[in-house]
Amino acid sequence: MADYARNRMFFASSTTLMLMVAAYMSFSLFWHEPVPMAWRLPLTVLVFLVSQTITGMRVLITWRPDLPFLLVRAGGFISSSFMVLSWFVLLRDVLLALVFAASLIIPDMTQVKEGIFSALLSLPAEWTMLAASLAAAAAGMARALAVPSVKKVDVPLQGLPQDLDGLTIAHLSDLHIGSTFTREWLEEVVRRTNALEPDFTLITGDLVDGKPERIGNFLSPITKLRARYDVVISAGNHDYYSGLRPWVETWRRWGMTVLLNEHREYLVRGRNVVIAAVTDPCAVLFRNLEGSMGAPDVRQALEGAGEGLRILMSHRPGNAEQNAAHGCHLQLSGHTHGGQFFFLFPLVSRLNGGFRSGLYRAGSMPLYVSPGTGMWGYVPMRLGVGAEITLLTLRRAEPSVPQKPSYRGKLGAWQ
Ligand SMILES: [Fe+2]
């Protein structure tokens, strides 16, 4: 419940934040010479409306998950452009503040200061910022919609039996099929993933944005995924928004393994490997879902599991340290989309327990956070972080490596 409350708080605070950004941008962009007085109020209203695109899209897609692709992409392009423009405006104003401060210290700078102010506050400068924002959003959108390449990551695990050294996991997350990507895009993702010949393929949530009757056809290539032992799906918040129960029935009818606060055990090279998955905190929103589809519960997910390597799938990374304390040896997560834009990285990390993208240590356990194989349709843009199909290879860590159970942070090489 606490997690969902945080989620609601996030959207309430993000809406408020965007209103504040709109107020700042309007003041900075329009309420000065040489912007004509007659333009100022209409442009301010426009900026306030545009600032609420994400909230508006979220409300629309929660109530109507079947929104047309084109509408979602158009809304995404508008919100992406707005975010980049706000970044340019901030940069310009920081520069103006620095010039102003310098002119107070150096009296001879007065004329230079006035020249810089009139150039940066001119209409051509503002049109240039707008054009650059649209171009950056378009480039970021092209990157976001491309088929991701494969990223290979070695995951060091202390105590990993020698037999399991080299075990491979293809990790996919946040494909968001239905709002952004085409069937052809998914077919290529499946082809590239199968080419890796993994032992397991694990999909850590947000697989769909839409109901089975509308997007089942787009998603069906997912059934072509192949792995030596199994292909497993766990749930993310968008899977709940899209109607999890019919989706779980569909995936199971397609012969796929779906884990909701439960686990499955596999005999791999003579060793027991436990794949467990928790649900998403937003499950508490959906009162008609109960039992195994309820709130995330790692204890329930591992109940009755035998000794062996325990790998946990959890859409959100934030609880990784608690999950490690429950005896998990490795956690795979997504949800963050890697922050999507470089200027949002600190915020996204903060909202996700300090985890944004890549390999971390959470307590004594490695955690891999996928930046997403696909992405959310509201803001289909990536700047500074790409999407990926991840191939994780488990490696037995050297016994000489010291354990630092209390250490928490980015894990590059195994210390
Ligand atoms: Fe997602």
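If you're wondering where the values come from, they're calculated on a predicted model, not measured in any experiment. (Residues numbered from 1 in each chain as written. Predicted model: local features only at pLDDT ≥ 70, side-chain atom pairs only at ≥ 80, totals over all residues. Heavy atoms only, no water.)

Asks: Would you take a moment to explain the overall build of the protein chain for this structure?
Replies: Across its full length, the protein chain carries 13 helices and 13 strands. By the compact-globule yardstick of 22 Å for 415 residues, the protein chain fits well, its C-alpha radius of gyration being 24 Å. Within the protein chain, the fraction of its 415 residues that count as buried is 53%. Taking contacts inside the protein chain between residues at least 6 apart in sequence as the whole, the part at least 24 apart equals 77%. Just so you have it, the protein chain exposes about 18,300 Å², and 62% of that area is on carbon and sulfur atoms. Across the protein chain, the centroid of the 38 positively charged side chains sits 0 Å from that of the 32 negatively charged ones. (Helix = DSSP H or I, 4+ residues; strand = E, 2+ residues; numbered from the N terminus. Rg over C-alpha atoms; globule rule 2.2 N^0.38 Å. Buried < 20%, exposed > 50% of the residue type's maximum accessible area, 1.4 Å probe, protein only. Contact = heavy atoms within 4.5 Å. Areas by Shrake-Rupley, 256 points an atom, 1.4 Å probe, with all protein chains shown as cover. Lys, Arg positive; Asp, Glu negative; His and termini not counted. Charge placed at Lys NZ, Arg CZ, Asp CG, Glu CD.)

Asks: Mind showing me how you'd approach the sheet that holds strand β2 (residues 168–172) here?
Replies: Pairing between sheet strands relies on hydrogen bonds along the backbone, with the strands arranged either parallel or antiparallel. Pairing in this open sheet of 6 strands is mixed, and the strands run β1-β12-β2-β3-β4-β5 from one edge to the other. The open sheet has two edge strands with one neighbour each: β1 (150–157) and β5 (257–258). Pairing of strand β4 (residues 230–234) with β5 involves 2 bridges; the strand directions are parallel. From the neighbouring strand, V232 faces β5, where its bridge partner is T257. The strands touched by helix α7 (residues 183–194) are β2, β3 (200–204) and β12 (389–396); relative to β12, the strand with the most contacts, the crossing angle is about 20°. (Pairing = 2+ DSSP bridges. Axes fitted to C-alpha atoms, helices over the stretch in contact; angles between N-to-C directions.)

Asks: Got a minute to help me understand the pairing of β4 in this structure?
Replies: With 5 of its 5 residues buried, β4 lies for the most part within the structure. Neither face of β4 is open: one carries D230, V232 and S234, the other V231 and I233, and all of them are buried. Here β3 runs beside β4; their pairing, made up of 5 bridges, is parallel. Bridging from a neighbouring strand, T201 pairs with V231 of β4. Each parallel crossover has a hand, and the one from β3 via helix α8 (residues 212–219) to β4 is right-handed. (Right-handed = clockwise from strand over helix to strand, strands pointing away.)

Asks: When you look at the environment of V273 in this model, what are you seeing that I'm missing?
Replies: Mapped onto the secondary structure, V273 falls in strand β7 (residues 271–277). Relative accessible area serves as the criterion here: at 0%, V273 is assigned to the buried category. Along the chain, V273 and E197 lie 76 residues apart, while their C-alpha atoms are 18 Å from each other. Ignoring sequence-local partners within four residues, the contact set of V273 consists of L164, F200, R264, E265, Y266, V268, L309 and I311.

Asks: Would you explain the nonpolar core in this entry?
Replies: Proteins that are soluble and globular tend to have nonpolar side chains buried together. The biggest cluster of nonpolar side chains holds 34 residues, and the ones touching the most others in it are L175, L186, I203, L207, L219, I222 and W251. Secondary-structure elements contributing two or more residues to this core are α7, α8, β4, α9 (237–241), α10 (244–253) and β12. In this view, I222 contacts L186, V190, I203, L207, W254 and M256; residues no more than four positions away in its chain are not counted. M25, V47, M83 and W376 belong to the second-largest nonpolar core, a separate cluster that totals 27 residues. (Core = buried A, V, L, I, M, F, W, Y, C linked by side-chain atoms within 4.5 Å.)

Asks: It is not clear to me how the pattern of salt bridges should be interpreted in this structure. Could you clarify?
Replies: A pair can form between side chains of opposite charge whenever their charged atoms are brought close. Counted by the stated rule, this structure contains 15 salt bridges. Note that E188 and R192 form a salt bridge whose closest N and O atoms lie 2.9 Å from each other. In this pair, E188 and R192 both sit in helix α7, 4 residues apart, roughly one turn of the helix. On the accessibility criterion, E188 (23% relative accessible area) is partly exposed. (Salt bridge = Lys/Arg side-chain N within 4 Å of Asp/Glu carboxyl O.)

Asks: Any chance you could explain helix α6 (residues 123–145) here in plain terms?
Replies: Each full turn of the α-helix corresponds to 3.6 residues, which orients residues three or four apart in the same direction. For α6, spanning 23 residues, the distance from its first C-alpha to its last is 33 Å, which sits close to the expected 33 Å at 1.5 Å a residue. Within α6 the residues assigned to the buried category are E126, M129, S133, A137, G140, M141 and A144. (Expected span 1.5 Å × (residues − 1).)

Asks: Where do I start with the packing of helix α4 (residues 69–105) against α6 in this structure?
Replies: Working note: a packed helix pair is described by the angle between its axes plus the distance between those axes. Close contact between α4 and α6 brings their axes to 8 Å; oriented N to C, the two are set at 130°. Relative to α6, the element α4 is oriented oblique. Both α4 and α6 take part in a crossing whose hand is right-handed. Here R73, F77, S80, S81, V84, L85, F88, V89 and R92 of α4 lie close against α6, whose contacting residues are E126, M129, L130, A132, S133, L134, A136, A137, A138, M141 and L145. (Parallel < 35°, antiparallel > 145°, perpendicular 65-115°, else oblique. Left-handed = near helix turned anticlockwise from the far one by under 90°.)

Asks: Where do I start with the coordination of the iron ion in this structure?
Replies: Protein-derived coordination of the iron ion comes from D174 (OD), H176 (NE2), D206 (OD) and H337 (NE2), at a distance range of 2.1 to 2.3 Å. Exposure remark for H337: the relative accessible area of 5% places this residue in the buried category. (Donors = N, O, S within 2.8 Å, 3.2 Å for Na, K, Ca; no water.)

Asks: Can you help me understand the domain arrangement of the protein chain in this one?
Replies: Per the domain assignment, the segments making up the protein chain are domain 1 (2–143) and domain 2 (148–410). Placing the centre of domain 1 and that of domain 2 at their C-alpha centroids yields a distance of 34 Å. In this assembly, domain 1 packs against domain 2 so that about 2,700 Å² is buried in total across both faces, 67% of it on carbon and sulfur atoms. Between domain 1 and domain 2 we count 0 salt bridges in total. (Domains from an automatic or database assignment. Buried area = accessible area lost by both parts, 1.4 Å probe.)

Asks: Looking at this model, I keep getting lost on the side chain of T393. Mind explaining?
Replies: Following the sequence through the fold, T393 ends up in strand β12. For T393, the contacting residues outside a window of four places in its chain are V153, D154, V155, G166, L167 and T168.

Asks: Just to check I follow, could you spell out the confidence of the model for the protein chain for this structure?
Replies: Detailed reading of the predicted model is not advised wherever pLDDT is low. Confidence in the prediction of the protein chain, expressed as mean pLDDT, is 89, and 91% of residues score 70 or more. In the predicted structure, residues 400–409 sits below a pLDDT of 50 and forms 19 contacts with residues beyond four places in sequence or in another chain. Low confidence marks residues 411–415, where pLDDT is under 50. Its contacts with residues over four positions away, or in another chain, come to 15 contacts. (pLDDT = per-residue confidence, 0-100.)

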